Amino acid sequence: MPSERSGPGRIPRGSRRLAPEHPEPEGAGSSPRVSQTRRFPINALAWLNGEFCPIHEAKVSIEDRGFQFGDGIYEVIRVYDGRPFLLERHLERLCRSVAAIGLEVNVEELGLARVIDEGVQRSGMAEAVVYIQITRGAAPRIHDIPRGLPPTVVVTFRPAPVVPAELRERGVSVMTTREIRWANCYIKAITLLPNILVRTEARRRGYYEAVFVTDQGEVRETTAANIFAVRQGRLRMPPRTQAVLHGITQSLVLDCAARVDVPVEERAFHLDFLRAADEAFISSTTLEVLGVTRIDDQPVGDGTVGPITRRLHEELVRHARRGPCRSACAV
Ligand SMILES: Cc1ncc(COP(=O)(O)O)c(C=O)c1O
């Protein structure tokens, strides 16, 4: 298990979510009400792929890659007195984000400036926030990015949150924390954008998978599987820290290895070690145990699936077909 259990996101029992002296900005996500100016009735509104509708009626598919993988980008624009503020800068950043993840969308053709103007008019909100969200669109769930998928484009118009005057006057407190963004790979989270970008590149370059290796050369795992090396009859796997997903299949591989008397060492190793392995394989719920016979442009061992890999796969399948039924589980 991860060594640190009390990181951000974990709220210790008895602690307060928000100090009472720090009221949250009002307005975001609240039910319809009247704007500060009281000139405009508030109607939260959405524009989804070309159509305006009330926000609660806008629906996207559960197959949407935004929902499945966090495969998308967004932008937020403040509307003051009915005018979107710094719109050009926001749209420029949006274009940079679109380009950075290779979204197949022509932002100019979307006519977002016109959509925003019309949405602000329709919503009647003088003080609003406009969210633009563009995802890769809906498709059957696979990591590698399908080509030619129509993106999902959503623009929402909501009342602008109001920072209470008291907060403005007194200022706020902040806590410091470790920079953990994208560092907690042990969480099986749906924010898989780095994984799908890398997987897609691997497939486009003719590889089945890609192995994440740190700047220091440490081998971690692949985009959707754990990795093992076999050297001199011994199995080696990266340690189950916060930096990798603790695979259920990985744990079964350990059980299988014990049953067939293959010793295992759970200790970090470098790419050189993996390259020099006699065998290598990856493991996951859907792939089971799958031999890796080539890394970059070099064969692993003699370039064929090795005997220990085969033995462990057989053992895994035997266990899956005849193993304990679900009701025998502790959970
Ligand atoms: C990044 C990553 N590592 C490892 C695994 C393997 O985990 P499991 O054996 O539980 O399927 C997965 C599975 O999706 C994964 O996404």
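These numbers come from a predicted model, not from an experiment. (Residues numbered from 1 in each chain as written. Predicted model: local features only at pLDDT ≥ 70, side-chain atom pairs only at ≥ 80, totals over all residues.)

**Q** Any details on the overall build of the protein? Residues and values, ideally.
**A** A tally of helices and strands in the protein yields nine helices and 15 strands. Across the 331 residues of the protein, 28% fall into the buried class. Taking the intrachain contacts of the protein between residues at least 6 apart in sequence as the baseline, contacts between residues at least 24 apart amount to 69%. (Helix = DSSP H or I, 4+ residues; strand = E, 2+ residues; numbered from the N terminus. Buried ≥ 20, exposed ≤ 12 C-beta atoms within 10 Å, placed from the backbone. Contact = placed C-beta atoms within 7 Å.)

**Q** Can you break down the sheet that holds strand S13 (residues 288–292) residue by residue, with the values?
**A** The sheet built from five strands is open, its strands ordered S11-S10-S9-S12-S13 with mixed pairing. Both outer strands of the open sheet, strand S11 (264–266) and S13, are each paired with one neighbouring strand and no more. Each strand axis lies, on average, 25 degrees off the axis of its neighbour in the sheet, ignoring direction. Note: strand S9 (residues 226–231) against strand S10 (residues 234–237), three bridges, orientation antiparallel. In the sheet register, Val230 faces S10, and the bridge partner there is Leu235. Across the sheet, helix H7 (residues 248–259) lies against S9, S10, S11, strand S12 (279–284) and S13, angled at about 130 degrees from S12, the strand it touches most. Against the sheet, helix H9 (residues 307–322) engages S9, S12 and S13, with an angle of about 165 degrees to S13. (Pairing = 2+ DSSP bridges. Axes fitted to C-alpha atoms, helices over the stretch in contact; angles between N-to-C directions.)

**Q** Can you break down the environment of Ala243 residue by residue, with the values?
**A** Relative to the helices and strands, Ala243 resides in the loop between S10 and H7. The exposure class assigned to Ala243 is partly exposed, which follows from the 18 C-beta atoms found within 10 Å. Placed 22 residues apart in sequence, Ala243 and Glu221 show a C-alpha to C-alpha distance of 8.9 Å. Excluding its chain neighbours within four sequence positions, the residues that come into contact with Ala243 are Cys185 and Arg220.

**Q** Explain helix H6 (residues 193–204) to me, and be specific about the residues and the numbers.
**A** A rise of 1.5 Å per residue sets the reference length of H6, with its 12 residues, at 16 Å; its end C-alpha atoms lie 17 Å apart and thus fit the reference within 8%. Elements in contact with the buried residues of H6: helix H1 (65–69). With its phi angle positive at about 90 degrees, Gly206 sits one or two positions after the end of H6. (Expected span 1.5 Å × (residues − 1).)

**Q** Describe the site of the ligand, and please don't skip the residues or the numbers.
**A** Taken together, Glu221, Ala224, Ala225, Asn226, Leu245, Gly247, Ile248, Thr249, Gln250, Ser283, Ser284 and Thr285 make up the full set of residues adjacent to the ligand. Of all the secondary structure elements, the ones that give two or more residues to the shell around the ligand are H7 and S12. No other element matches H7, which puts three residues into the shell around the ligand. In the shell around the ligand, the residues fall into four nonpolar, seven polar and one charged. (Near = placed C-beta within 6 Å. Nonpolar A, V, L, I, M, F, W, Y, C, P; charged D, E, K, R; others polar.)

**Q** Report on the nonpolar core, specifying residues and quantitative values.
**A** Formed by 25 residues in total, the largest nonpolar core has its most connected members in Ile227, Phe228, Ala229, Val230, Val253 and Ala280. Elements with a contribution of two residues or more to this core: S9, S10, H7, S12, S13 and H9. Among all residues touching Ala229, those that are not within four sequence positions of it are Arg236, Phe269, Phe273, Leu274, Ala277 and Ala280. Membership of the second largest hydrophobic core comes to 24 residues, among which are Leu103, Met125, Ala128 and Ile134. (Core = buried A, V, L, I, M, F, W, Y, C linked by C-beta atoms within 7 Å.)

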